[in-house]
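Structural characterization, general
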Amino acid sequence: MDKIAVIGLGYVGLPLAHAFSSKYKVIGFDIAQWRIDELSEGHDRTLELSDDQVQEAIDNGMVFTNKIEVIEDCNIYIVTVPTPIDKHKKPDLTPLIKASETIGKVLKKDDIVIYESTVYPGATEEECVPVLERESGLKFNEDFYCGYSPERINPGDKEHTVTKILKVTSGSTPEIGKRVDALYASIITAGTHLAPTIKVAEAAKVIENSQRDINIAFVNELSMIFNRLGIDTNAVLEAAGTKWNFLPFKPGLVGGHCIGVDPYYLTHKAQEVGYNPEIILAGRRLNDNMGIYVANQVIKLMIKKGQTIEGAKVLVLGITFKENCPDIRNSRVIDVIRELQDFGCEVDVSDYWADKEEVKREYGLDMVENPDFSEYSAIVLAVAHDKYKALDFSKSGERVIYDIKSTLDDSISDGRL
C-alpha cells in the first residue's frame, strides 16, 4: 500500500490530501507551524474544506506535520507548493526548490516524486530533479522516479472539486506514467488523461491559463473600445453570445495565483530558447493595466459630477482575487486602490471574505467593517461576492457607483467594464 506525503497544504494540497486520505495513508506536510496547528485542530481558513471534511481526513488517519522525519517512510511525495513570479515578472521557483530539497533528504530507492505546481515545460526535469539527486545521492530513473500532474483546483468552487475535475498525469518513464495515472484514477471520479511525457503535461497546464488570459485581454480591450463608442459591452457580448461557438468571456481584473501568473512562466521559457512571444505578452500587458484603467474611469466620473478629487473618500468593496473566496493572492484590486491613492483619494477597503490580518500583511491595508455608504464620494464594487448583490446601492446625491464585475442594474451604476 502506497503511503503518500503531500508537500504544501494550501488551496491545492489540502483538498488533494483529503481526497487521497479516503483510500491511502496520507501525511500532510507544510513548513508553516500556524497552518499545521490550525488543521490539526480541524479548521481550514482557506475554506476549501469544511471543518467536517478536515475532521474526516483526521479520522481517516491523516497527520499534519512540519517535521521531516514524519514523512521519511512515505514512498510517494506530491508537491503542491506555490510557483509565483518575482517583481520583474520572472518565475520564482524558490518554494519548489526548497520542497525538492526537503524531499531529497528522505528520498529512498523506488520512491516517486510527483509535482503539481504550475511550471514552464522542462522545469521538473531541469530544475527539480537535479536537486533531488544532489540531496539524496540517488540517480533519476534508476533509483527514484518523477511524475507531473498539474493542479486544476478552482478556489472557492464547490462544484468542480478535485475529484470531479479530469486529471492530466505523466511519468518520467512509460511504466511510471501508468503507475502515476493509476494512483490518481483511484480517487478522481472524472477520469484521467495520461500524457506521453512530463514536458507535455507541464505545457498543457501552462497554456490552459494562458489561453484564458488572452481571451480575457481581448474582451477587456473590447470594453475600452466600446466605452469610447458609447456602447454597452455586456449588451454586445450578450448579442454575440447567441452564436453557438462564441466564447463567453467577460471583462474584468485578472489576478490570482494562476491566470495572472502562469503566462509569464511560458514566456520566460520561450525567451530562454530565443523566441519573443507577442500575443501572450500583449495580453498580459493589457490585463496588468486594467486596474489603472478602472481607477481612471472612476476619477473621470467623479469629475463629471463636480467632485473634488484631492481628499475624496472612496470605498472599494472586495479585495480577494475572485468572488466568494478568501484568497487575496495577486489580487489586482490593489492596482485600483493604489491608482486612486495616487490621485489623492482616501481609500477604504471592505471585504467580508478576506482575512484582516492577511490583507494588512500582504497589502498594508486596514479594512473597515460595515462601512456607511453616505460617507463616500465614490464606491467601487470590485468583487462580485454574493452578499454585495443584496446591498442597497441606490444613488444618493453626487456619489459615483462603479461596477467592475457588471453585477448591478444599469439604473444603479454610473460605470462598469
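None of these values were measured; they are calculated from a predicted model.

Once that is clear, we can look at unusual backbone geometry. In this structure, Asn-324 is a non-glycine residue whose phi angle is positive, near 55°. Here Asn-330, not a glycine, exhibits a phi torsion of approximately 55°, which is positive. With respect to the secondary-structure elements, Asn-330 resides in the loop between β9 (313–317) and α12 (333–342).

Right, let's get into the side chain of Asp-288. With respect to the helices and strands, the residue Asp-288 is situated in helix α10 (residues 279–288). A polar contact is formed between the side chain of Asp-288 and the side chain of Arg-284, at a distance of 2.7 Å. Not counting residues within four places of it along the chain, the set of residues in contact with Asp-288 comprises Lys-89, Tyr-264 and Asp-335.

All right, on to helix α13 (residues 356–363) then. Structurally, the start of α13 carries an N-cap: the backbone nitrogen of Glu-357 is 3.2 Å from a side-chain oxygen of Asp-355. In the stretch just after α13, Gly-364 is the one whose phi turns positive, near 70°.

A large share of strand β10 (residues 346–350) lies buried, amounting to four of its five residues. Bridge count between β9 and β10: five bridges; the pairing is parallel. Counted as the bridge partner of Leu-315 is Asp-348 from β10. Handedness of the crossover is the feature at issue here: the chain leaves β9, passes through α12, returns alongside β10, and the resulting connection is right-handed.

What follows is about the environment of Thr-102. Tracing the sequence through the fold places Thr-102 in helix α4 (residues 94–104). Taking the relative accessible area as the measure of exposure, Thr-102 reaches 18% and is therefore buried. Separated by 13 residues in the primary sequence, Thr-102 and Tyr-115 have C-alpha atoms spaced 14 Å apart. The residues touching Thr-102, leaving out its near neighbours within four places in the chain, are Phe-29, Ile-68 and Ile-71.

Buried within helix α2 (residues 33–40) we find Arg-35, Ile-36, Glu-38 and Leu-39. Burial along α2 is one-sided: seen end-on, the buried residues are contained in an arc of 165°. Of the surrounding secondary structure, the elements contacted by the buried residues of α2 are α1 (13–21), β2 (25–29), α3 (51–59) and β3 (63–65). Positive backbone phi, approximately 90°, marks Gly-42, located one or two places after α2.

Over the atoms rolls a probe the size of a water molecule, and its path tells where empty space is left. Considering only enclosed or pocket space, the second largest pocket measures out at about 1,300 Å³ in volume. Taken together, 43 residues line the second largest pocket, and the ones lying closest to its centre are Asn-154, Arg-212, Ile-259, Phe-321 and Lys-322. Of the residues in the lining of the second largest pocket, the class split is 17 nonpolar, 14 polar and twelve charged.

Glancing now at the pattern of salt bridges. In this structure the tally under the stated criterion is 28 salt bridges. The salt bridge partner of Lys-167 is Glu-116, with a shortest N-O separation of 3.1 Å. Taken together, the positions of Lys-167 in strand β7 (residues 167–169) and Glu-116 in the loop between β5 (112–115) and α5 (123–136) put the pair 51 residues apart, joining distant regions of the chain. Of the two residues, Lys-167 and Glu-116, neither departs from the other in class, the shared state being buried.

Analysis parameters
Residues numbered from 1 in each chain as written. Predicted model: local features only at pLDDT ≥ 70, side-chain atom pairs only at ≥ 80, totals over all residues. Heavy atoms only, no water. Helix = DSSP H or I, 4+ residues; strand = E, 2+ residues; numbered from the N terminus. Polar contact = N/O pair within 3.5 Å; in protein donor to acceptor, adjacent residues only side chain to side chain. Contact = heavy atoms within 4.5 Å. Buried < 20%, exposed > 50% of the residue type's maximum accessible area, 1.4 Å probe, protein only. Pairing = 2+ DSSP bridges. Right-handed = clockwise from strand over helix to strand, strands pointing away. Arc of directions from axis to C-beta. 1 Å grid on protein atoms, 1.4 Å probe; cavity = no way out; pocket = protein on both sides within 12 Å on 5 of 7 lines; lining within 4 Å. Points joined across faces, edges and corners; volume = space filled by probe spheres on them. Nonpolar A, V, L, I, M, F, W, Y, C, P; charged D, E, K, R; others polar. Salt bridge = Lys/Arg side-chain N within 4 Å of Asp/Glu carboxyl O.

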